[in-house]
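Notes for the structure review
Spelled out from the first residue to the last, the chains are:
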Amino acid sequence: IALLAFDSLIYFNNVIYKYKNIPLRTMEKRKELFSVVFLLTIFILLASLSMVNNSATFDEPNIITSGYSYWKTGDFRLTFEHPPLAKLIAGFPLLLMNPQPTLPLESEEWSASETPEGAFVQQWPFSQNFFFKMNNDAETMLLYARIPFLLIGVLLGIYVYSFTKKLLIEQQ
């Protein structure tokens with residue numbers, strides 16, 4: 001359906017430009033810009049619907065909890081087996097929530113996670129406790145944590161477009 005709509009918009013775009021005295025180069029730039037904006041809009045729409053309608057993946061609460069605990073405590077004990085950048089990105093929007101979610105820092109899972117072995121075992125119950133037992137709004141936390149990755153996807157789309165355009169210009 002999206003491709004059919006896109007083709008018909010391009011067709012009507014061509015019809016409109018035939019009757020105007022617009023230079024071909026300007027027309028091509030407008031088509032190009034229209035195509036990029038159209039495709040990014042479809043991406044944003046589909047990703048937004050997916051963000052709102054899908055439940056958490058099996059490790060998403062763990063990653064979000066780890067990132068949020070990194071920001072709040074400066075302690076990198078949870079999910080230490082992966083680099084922290086994606087977790088920090090996922091946890092940052094939770095700092096902007098009002099009221100901010102409460103970390104169960106007095107729980108036995110947090111205390112037992114001081115050693116690497118304990119952290120590996122306790123990261124799962126700690127994140128489940130944080131998301132579902134501390135009266136935190138799990139759906140809102142998931143939505144807030146997913147937004148930065150949508151923005152990264154849009155930026156990546158713009159980058160791929162500009163890189164491809166430069167590559168094509170160099171080949172001509």
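The structure reproduced in this document is the subject of the present report. Being a predicted model, the structure only gives us computed values, none of them experimental.

Most of the time, phi is negative for any residue but glycine, and the peptide bond is trans. Going from N98 to P99, the amide bond is cis rather than trans, its omega being 0°. Relative to the helices and strands, P99 resides in the loop between α4 (85-91) and α5 (108-112). Look at T79: it is not a glycine, yet its phi comes out positive at around 50°. For T79, the position within the fold is in the loop between α3 (60-73) and α4. For N135, which is not glycine, the phi torsion reads 60° and is therefore positive. Topologically, N135 is positioned in the loop between α6 (116-132) and α7 (138-171).

The next point concerns α6. Since there are 3.6 residues in each turn of an α-helix, residues three or four apart along the chain are aligned in direction. For α6, with 17 residues, the first-to-last C-alpha span of 24 Å sits near the 24 Å given by 1.5 Å per residue. A bend of about 45° at Q122 is the largest found in α6, and the proline P125 appears one to four places after it. Residues of α6 that are buried include every one of G118, A119, Q122, Q123, F126, S127, N129, F130 and F131, and no others. Contact partners of the buried residues in α6: α3, α5 and α7.

A few words now on the packing of aromatic side chains. By the definition in use, this model includes 9 aromatic pairs. Arranged with centres 6.1 Å apart and planes meeting at 15°, the rings of F58 and W124 form a pair that is stacked. Taken together, the residues span a long stretch of sequence, with F58 in the loop between α2 (24-53) and α3 and W124 in helix α6 at a distance of 66 residues. Judged by centre distance (5.2 Å) and plane angle (40°), the rings of W110 and F126 are tilted.

The next point concerns a nonpolar patch on the surface. Together, L156, Y159, V160, F163 and L167 give the surface a local cluster of nonpolar side chains, amounting to about 500 Å² of exposed area. Turning to its location among the elements, F163 is positioned in helix α7.

Turning our attention to the side chain of Q122. Here Q122 lies in helix α6. Those residues in contact with Q122 that sit more than four places away from it in its chain are E109, A112 and S113.

The tendency in soluble globular proteins is for nonpolar side chains to be buried as a group. In terms of nonpolar packing, the biggest core is built from 15 residues, with I64, L94, F130, F131 and M141 touching the most fellow members. Among the secondary structure elements, those contributing two or more residues to this core are α3, α6 and α7. For this core, the leading source of residues is α7, giving 4 residues. Residues in contact with I64, not counting those within four places in the same chain, are A90, G91, L94, F131, L142 and A145.

What follows concerns the packing of α6 against α7. Relative orientation and spacing of two packed helices are given, respectively, by the angle between their axes and the distance between those axes. The contact between α6 and α7 brings their axes to 8 Å, and the two run at 110°. Of the possible angle classes, the one that applies to α6 and α7 is roughly perpendicular. Every residue of α7 that contacts α6 at F130, F131 and F132 is listed here: A138, M141 and L142. Tallied by class, residues from the contact of α6 with α7 come to 6 nonpolar, no polar and no charged.

Examined against the element boundaries, Q123 turns out to sit in helix α6. For Q123, the contacting residues outside a window of four places in its chain are N62, L78, T79 and E81.

What follows is about the pattern of salt bridges. Summed over all chains, the structure comprises 3 salt bridges. With its nearest N and O atoms 2.7 Å apart, the salt bridge here joins R77 to D75.

Here is what the cut-offs are and how they apply
- Residues numbered from 1 in each chain as written.
- Predicted model: local features only at pLDDT ≥ 70, side-chain atom pairs only at ≥ 80, totals over all residues.
- Heavy atoms only, no water.
- Helix = DSSP H or I, 4+ residues; strand = E, 2+ residues; numbered from the N terminus.
- Expected span 1.5 Å × (residues − 1).
- Bend = angle between axes of the 7 residues up to and from the residue.
- Buried < 20%, exposed > 50% of the residue type's maximum accessible area, 1.4 Å probe, protein only.
- Contact = heavy atoms within 4.5 Å.
- Phe/Tyr/Trp six-rings, centres within 6.5 Å; stacked < 30°, edge-to-face > 60°.
- Patch = residues over 30% accessible without salt bridge, like charges linked within 9 Å, V, L, I, M, F, W, Y side chains within 5 Å.
- Areas by Shrake-Rupley, 256 points an atom, 1.4 Å probe, with all protein chains shown as cover.
- Salt bridge = Lys/Arg side-chain N within 4 Å of Asp/Glu carboxyl O.
- Core = buried A, V, L, I, M, F, W, Y, C linked by side-chain atoms within 4.5 Å.
- Axes fitted to C-alpha atoms, helices over the stretch in contact; angles between N-to-C directions.
- Parallel < 35°, antiparallel > 145°, perpendicular 65-115°, else oblique.
- Nonpolar A, V, L, I, M, F, W, Y, C, P; charged D, E, K, R; others polar.

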